[in-house]
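Structural description and commentary
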Amino acid sequence: MKCGEATVVKNAGSHYLLSELPAWDVFPSVLRGKVRLKASEITNPIAVGDKVKYEWADDGDSAVITEILPRRNYVIRRSTNLSRQAHIIAANVDRAYLVVSLYFPEVKLPFLDRILVTCELYGIPATIVLSKTDLYREPAAEEIAHFKAIYEGAGYKVIETSVKTGEGIAEIREACRDRVNLFSGESGVGKSSLIKALDPSLDPKIGVISAAHLQGKHTTSLYEMYPLSGGGYLIDSPGIRGFGLVDVEKEEIAKYFPEMLKASADCRFIPCTHTHEPGCAVKAAVDAGLISPERYNSYLGMLEEDKKFR
Ligand code: GDP
Ligand code: ZN
């Protein structure tokens, strides 16, 4: 009997593929029946990135997962809009790279802000990747500078990339090393091209863990972890949605805007919604140009939407 700890790199129907990271040596496993999820609203017991304990009998044809180790963080998605059931997309993520483009498709700041709030809520550090800069660097220098000022001012790193000129690729490759990195972006932003540029052996539109491990098995899993040839691991995700299952109290939303959280220490009232209260330090910071009006407007929009759901 062999046993050990490993990371889930892919869910393939009833099987989970494991590897003892940092080594990339994938093997199949099944979940022991008695391992059950405590939170009943979660539809999948194990997600990519989960750390598990396993046993492997000498005569077994796959390992058996005996325990799911506590998660440091996770990304969840509601199964349907109306349902309270949720699916865990990935667990134990070191960093999320949110790929956006100024044009084709144009990033909508309230949408990006909602995703950033979600990352803060999940406890996942986020980096913003501004893609396809070769297409618009010259005509849009001011817009690029404005975008960067907003998000760097809020405390986020913004990396400009182009797969045509190679800008930013080495920087991201370096940052991904030794880490589990989630790449997220709307269709068309250039996420697949970026992943291919990071590691030419990867083709996100096909999938990477080859048929060798999965012959004859159900392989329709959306999420899997790939090893990057430059070091580290990548999970490709079609998109992190704003606010998943987790309910955030109105008074709490501002805590997930890092720059507002910081400023709010000086608000006269606690709790403060940073809307109408006298002595609000967040509003003062917006008026003084220390917090961007775009970010503050996104915040107000979230408060409004939040009202609609109550
Ligand atoms: P995805 O849907 O986010 O995976 O986007 P793709 O990687 O498929 O890219 C969408 C379109 O943008 C394709 O036509 C790509 O050729 C183009 N594209 C992606 N990255 C760049 C870039 O850095 N520069 C330019 N000029 N085009 C790009
Ligand atoms: Zn306030």
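Note: the structure precedes this text.
Rules used throughout
Residues numbered from 1 in each chain as written. Chains lettered and ligands numbered in written order. Predicted model: local features only at pLDDT ≥ 70, side-chain atom pairs only at ≥ 80, totals over all residues. Heavy atoms only, no water. Pairing = 2+ DSSP bridges. Helix = DSSP H or I, 4+ residues; strand = E, 2+ residues; numbered from the N terminus. Axes fitted to C-alpha atoms, helices over the stretch in contact; angles between N-to-C directions. Contact = heavy atoms within 4.5 Å. Phe/Tyr/Trp six-rings, centres within 6.5 Å; stacked < 30°, edge-to-face > 60°. Lys NZ or Arg CZ within 6 Å of the ring centre and 35° of its normal. Donors = N, O, S within 2.8 Å, 3.2 Å for Na, K, Ca; no water. Tetrahedral: all angles 85-135°; square planar, octahedral: opposite > 155°, others 65-115°. Buried < 20%, exposed > 50% of the residue type's maximum accessible area, 1.4 Å probe, protein only. Arc of directions from axis to C-beta. Core = buried A, V, L, I, M, F, W, Y, C linked by side-chain atoms within 4.5 Å. Salt bridge = Lys/Arg side-chain N within 4 Å of Asp/Glu carboxyl O. Parallel < 35°, antiparallel > 145°, perpendicular 65-115°, else oblique. Left-handed = near helix turned anticlockwise from the far one by under 90°. Nonpolar A, V, L, I, M, F, W, Y, C, P; charged D, E, K, R; others polar.

**Observations concerning the sheet that holds strand S12 (residues 225-227)**
One key point about sheets: their strands pair by backbone hydrogen bonds, in either a parallel or an antiparallel sense. Overall, mixed pairing links the six strands, which are arranged S10-S9-S8-S11-S13-S12 in an open sheet. This sheet does not close on itself; its edge strands, each paired only once, are strand S10 (157-160) and S12. On average, adjacent strands in this sheet sit at an angle of 30 degrees to one another, irrespective of strand direction. In terms of strand pairing, strand S9 (residues 126-130) meets S10 through four bridges, oriented parallel. Note on S10: the bridge partner recorded for Thr 127 is Lys 157. Running at roughly 175 degrees to strand S8 (residues 95-100), helix H1 (residues 109-122) makes contact with S8 and S9 of the sheet. Sitting on the sheet, helix H3 (residues 141-153) is in contact with S8, S9 and S10, with an inclination near 150 degrees to S10.

**Focus: the packing of aromatic side chains**
In total, this model carries nine aromatic pairs according to the counting rule given. An aromatic cluster is built from Phe 27, Tyr 54 and Trp 56, whose rings are joined through pairwise contacts. Directly above the aromatic system of Phe 27 lies the positively charged group of Lys 2, at a separation of 5.8 Å from the ring centroid. When the ring centre of Tyr 74 is taken as origin, the NZ or CZ atom of Arg 71, which lies over that ring, is 5.8 Å away.

**Section: the coordination of the zinc ion (ligand 2)**
Within the protein, the zinc ion (ligand 2) binds to Cys 267 (SG), Cys 272 (SG), His 274 (ND1) and Cys 280 (SG); these donor distances fall in the range 2.1 to 2.4 Å. Around the zinc ion (ligand 2), the four donor atoms are arranged such that angles at the metal cover 103 to 118 degrees; this shape is classified as tetrahedral. Taken in chain order, the donor set of the zinc ion (ligand 2) reads C-x4-C-x1-H-x5-C. Each of the two residues, Cys 267 as well as His 274, counts as buried.

**Structural notes on helix H5 (residues 191-198)**
Those residues of H5 not exposed but buried are Lys 191, Ser 192, Leu 194, Ile 195 and Leu 198. Projected down its long axis, H5 shows its buried positions confined to an angular sector of 160 degrees, all on one face. Along its buried surface, H5 packs onto S8, S9, helix H4 (169-176), strand S11 (180-185) and strand S13 (233-237).

**Looking at the sheet that holds strand S1 (residues 2-12)**
As summarised here, the arrangement of the five strands in space is S1-S2-S3-S5-S4, forming a closed barrel in which the pairing is mixed. The average angle at which neighbouring strand axes cross in this sheet is 55 degrees, direction not considered. Alignment of S1 against strand S2 (residues 15-19), held across five bridges, turns out to be antiparallel. Counted as the bridge partner of Asn 11 is Tyr 16 from S2.

**Thoughts on the pairing of strand S4 (residues 51-56)**
Taken residue by residue, a regular strand's side chains alternate between the two faces of the sheet. Here six bridges tie S1 to S4, and the two strands are oriented antiparallel to one another. When the bridges of S4 are listed, Gly 4 appears paired with Tyr 54. One ladder, built from four bridges, connects S4 with strand S5 (residues 63-68); its direction is antiparallel. Counted as the bridge partner of Tyr 54 is Ile 65 from S5. Between the end of S4 and the start of S5, which pair antiparallel, lie six residues.

**Overview of the nonpolar core**
Grouped together as the largest cluster of nonpolar side chains are 44 residues, with contacts concentrated most on Leu 98, Leu 112, Ile 128, Phe 147, Tyr 151 and Ile 240. Only strand S6 (74-78), strand S7 (86-91), S8, H1, S9, H3, S11 and S13 provide two or more residues apiece to this core. Among the elements that take part in this core, H1 stands out by supplying six residues, more than any other. Other than its neighbours up to four places away in sequence, Leu 112 contacts Leu 98, Val 100, Val 107, Ile 128, Phe 147 and Tyr 151. In this structure, Phe 257, Ala 263, Cys 267 and Met 302 belong to the second largest nonpolar core, which totals 21 residues.

**What to know about the pattern of salt bridges**
Counting across every chain of the model gives 16 salt bridges. Here Glu 305 makes a salt bridge to Arg 114, at a shortest N to O gap of 3.0 Å. Separated by 191 residues along the polypeptide, Glu 305 in helix H8 (residues 293-308) and Arg 114 in helix H1 bring together distant segments of the chain. Salt bridges linked by common partners bring Arg 137, Lys 148, Glu 152, Glu 160 and Glu 167 together as one network.

**Focus: the packing of H1 against H3**
Their axes nearest at 13 Å, the elements H1 and H3 cross at an angle of 25 degrees. With respect to each other, H1 and H3 are oriented roughly parallel. The hand of the H1/H3 crossing is right-handed. Across from Leu 109, Leu 112, Asp 113 and Leu 116 in H1, the residues of H3 making contact are Phe 147, Ile 150 and Tyr 151. Tallied by class, residues from the contact of H1 with H3 come to six nonpolar, no polar and one charged.

**Observations regarding the packing of H4 against H5**
It is at 10 Å that the axes of H4 and H5 come closest, and there the two elements cross at 75 degrees. It follows that H4 is roughly perpendicular to H5 by the angle criterion. Between H4 and H5, the residues in contact are Ile 169, Ile 172 and Arg 173 and Leu 194, Ala 197 and Leu 198, respectively. Broken down by class, the residue content of the contact of H4 with H5 amounts to five nonpolar, no polar and one charged.

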